[in-house]
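Structure assessment
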Amino acid sequence: MVKAIRMSRTGGPEVMEYVDVEVGAPGPGEATVRHEAIGLNFIDVYFRTGLYPQPLPGGLGQEGAGIVEAVGEGVSHVRVGDRVAYAGRPNGAYAQARNMPASLLVKLPDAIGSDTAAAMMLQGMTVQYLFHSAAPLKAGDTILFHAAAGGVGLIACQWARALGVNLIGTAGSDEKVALALQHGAAHAINYNAENFTERVREITGGKGVSTVFDSIGKDTFIGSLDCLQPRGMMVSFGNASGPVANFSLGELASRGSLFLTRPALGNYTATRADLEACAQSLFDVVARGDVKIEIKQRYNLADVAQAHRDLEARRTTGSTILLP
Ligand SMILES: NC(=O)c1ccc[n+]([C@@H]2O[C@H](COP(=O)([O-])OP(=O)(O)OC[C@H]3O[C@@H](n4cnc5c(N)ncnc54)[C@H](OP(=O)(O)O)[C@@H]3O)[C@@H](O)[C@H]2O)c1
């Protein structure tokens, strides 16, 4: 038996129960991973509240790092004793150990510890596919990136600096603005104190940015479109403030033939080759020191409800891990 989080209904942090579960032998194509650290991500909140549906009762969590304890039939690319990490479904990472589809496991280089791996696989591979595949960036580009002091955000600030991209970040307090700037944002705007659209126009001399990365959703969507140059790219990749309401496609035309995409990590790492390339690219920027993974909060797995409260109340910065 291991300790794990299970929920039988959607709702507030209180629906997450810390219980004993049996892991059992891994099935065909699966591996049993004993977690050393677990990643906390905003997507976990969407599943907990029911914004993203899943069968219940069920587990939560999409990111972990640890040691392979057993492998099922047909698994050859990882072996018992390997250090591995993963990001993605099925939910269930909030556990001391679990069975996981082995196809999602990536072997960890010696230089990357389990805490760092659990903090970076989901958020770091997200920045990788956003900047290199969903809306490929080049040196000299000027972009807007919301929630720049968050988990994805601090990685994005550093990765943009390494690419020579001018990242204009937004964040919800002056302290968070300072943090984004320290991590490589060229400019940062406190969007609770200032109108970010007007500030982006000022900073860019009226021109606007070529790409917006918007994970806030409802509260920022239209303002973000207003920050774009004609034929600019809107990447709407999250809904921290709630999902974007229906809008008319004419909104894209009237602002200058804008592009819009709503990407998800799983579609950019769906093949083994794509997953390995994405993870390797992340390992490389971390190994070079271009991106430092900032674990700003650690909680015991048993205290995950408090971790969710802090994340939703915008009290966290950088990445957060849960310790099993
Ligand atoms: N599509 C994908 O592939 C993908 C993958 C990974 C993550 N994401 C998305 O990327 C975003 C960041 O994820 P993360 O795990 O790194 O979280 P995070 O950025 O560390 O935390 C979310 C941040 O969003 C900001 N925020 C703005 N309005 C908010 C509201 N009403 N409620 C709560 N927070 C609000 C807060 O920063 P301020 O106080 O500075 O505003 C908060 O700290 C999430 O929306 C997530 O779903 C998408």
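None of the values given here were measured: they were computed from a predicted structure.

Focus: the overall build of the chain
Along its length, the chain carries ten helices and 15 strands. In terms of C-alpha radius of gyration, the chain reaches 20 Å, essentially the compact-globule figure of 20 Å for 324 residues. With the C-alpha coordinates aligned to their principal axes, the bounding extent of the chain is approximately 60 × 40 × 35 Å. At a minimum sequence separation of 6, the contacts of the chain that also span at least 24 residues come to 68%. One finds the centroid of the 28 positive side-chain charges in the chain at a distance of 2 Å from the centroid of its 31 negative side-chain charges.

Examining the confidence of the model for the chain
Confidence in the prediction for the chain averages 98 pLDDT; 100% of positions are at 70 or higher. Per-element confidence in the chain ranges from a low mean pLDDT of 97 for helix 7 (residues 250–254) to a high of 99 for strand 8 (residues 142–145).

Focus on the site of the ligand
Contacts to the ligand come from 29 residues, most closely from Tyr129, Gly172, Lys176, Tyr191 and Arg314. Contact distances for the ligand include 2.9 Å between an oxygen atom and a backbone N or O atom of Phe42. Backbone polar atom of Leu265 to an oxygen atom of the ligand: 2.9 Å apart, as the coordinates give it. In the complex, 92% of the free accessible area of the ligand, which totals 910 Å², lies under the protein chains.

What about the packing of aromatic side chains?
Following the criterion strictly, the structure yields nine aromatic pairs and no others. Ring centres 5.0 Å apart and planes at 65° place the aromatic pair Phe221 and Phe247 in the edge-to-face group. Placement of Phe221 in helix 6 (residues 221–225) and of Phe247 in the loop between strand 12 (228–236) and helix 7 is noted, with a sequence separation of 26 residues between them. These aromatic residues form a ring-pair network of at least three members: Phe42, Tyr46, Phe47 and Tyr52.

Remarks on the pattern of salt bridges
In the structure shown here, the tally under the stated rule is 15 salt bridges. Linking Lys218 and Asp219 is a salt bridge whose minimum nitrogen-to-oxygen distance equals 3.2 Å. Taking relative accessible area as the criterion, Asp219 reaches 54% and is therefore assigned exposed. Here Asp290 ties to Arg288 by a salt bridge, and the two come within 3.0 Å at their closest N and O atoms.

A short note on helix 1 (residues 42–49)
One turn of the α-helix equals 3.6 residues, which is why residues spaced by three or four share an orientation. Along helix 1, the residues that are buried comprise Asp44, Val45, Tyr46, Phe47 and Arg48. Turning to helix 1, the residues buried within the fold contact strand 3 (30–40) and helix 10 (304–312). Two residues or fewer past helix 1, Gly50 is found with a positive phi of approximately 95°.

Some remarks on the pairing of strand 14 (residues 295–300)
In this sheet, strand 15 (residues 319–323) lies alongside strand 14 in parallel orientation, the contact comprising five bridges. Across the sheet, residue Tyr299 finds its bridge partner in strand 15, namely Leu322. With helix 10 bridging strand 14 and the parallel strand 15, this β-α-β connection has right-handed handedness.

Focus on unusual backbone geometry
The residue after Leu56, namely Pro57, is reached through a cis peptide bond having omega 0°. If you trace the backbone, Pro57 turns up in the loop between helix 1 and strand 4 (63–71). In this structure, Pro90 follows Arg89 across a cis peptide bond, with omega equal to 5°. Looking at the element boundaries, Pro90 is found in the loop between strand 5 (83–87) and strand 6 (97–101). The residue Ser257 is not glycine, and still its phi comes out positive at about 55°.

Observations concerning the environment of Ala273
The residue Ala273 is located in helix 9 (residues 272–287) in this model. As for Ala273 and Arg83, which are separated by 190 residues in sequence, their C-alpha atoms are 19 Å apart.

Digging into the sheet that holds strand 11 (residues 209–214)
Read across the sheet, six strands follow the order 10-9-8-11-12-13 without closing on themselves; strand pairing throughout is parallel. Both outer strands of the open sheet, strand 10 (187–190) and strand 13 (259–261), are each paired with one neighbouring strand and no more. Averaged over neighbouring strand pairs, the angle between their axes works out to 15° when direction is ignored. Across five bridges, the pairing between strand 11 and strand 12 is parallel. If you follow Val209 over to strand 12, its bridge partner there is Leu228.

Concerning helix 5 (residues 196–203)
Phe196, Thr197 and Val200 are the residues of helix 5 that are buried. What you see down the axis of helix 5 is that its buried residues fit within an arc of 100°, all on one side. Across helix 5 from its buried face, at more than 90 degrees, point the exposed residues Glu198 and Glu202. Packing partners of the buried residues in helix 5 comprise strand 8, strand 9 (166–171), strand 10, strand 11 and helix 6. Two or three places before Thr197, at the opening of helix 5, Asn195 has a side-chain oxygen 2.9 Å from that residue's backbone nitrogen. Once helix 5 finishes, Gly205 follows within two positions and takes phi at roughly 60°, a positive value.

Rules and cut-offs
- Residues numbered from 1 in each chain as written.
- Predicted model: local features only at pLDDT ≥ 70, side-chain atom pairs only at ≥ 80, totals over all residues.
- Heavy atoms only, no water.
- Helix = DSSP H or I, 4+ residues; strand = E, 2+ residues; numbered from the N terminus.
- Rg over C-alpha atoms; globule rule 2.2 N^0.38 Å.
- Contact = heavy atoms within 4.5 Å.
- Lys, Arg positive; Asp, Glu negative; His and termini not counted.
- Charge placed at Lys NZ, Arg CZ, Asp CG, Glu CD.
- pLDDT = per-residue confidence, 0-100.
- Near = heavy atom within 4 Å.
- Polar contact = N/O pair within 3.5 Å; in protein donor to acceptor, adjacent residues only side chain to side chain.
- Areas by Shrake-Rupley, 256 points an atom, 1.4 Å probe, with all protein chains shown as cover.
- Phe/Tyr/Trp six-rings, centres within 6.5 Å; stacked < 30°, edge-to-face > 60°.
- Salt bridge = Lys/Arg side-chain N within 4 Å of Asp/Glu carboxyl O.
- Buried < 20%, exposed > 50% of the residue type's maximum accessible area, 1.4 Å probe, protein only.
- Pairing = 2+ DSSP bridges.
- Right-handed = clockwise from strand over helix to strand, strands pointing away.
- Axes fitted to C-alpha atoms, helices over the stretch in contact; angles between N-to-C directions.
- Arc of directions from axis to C-beta.

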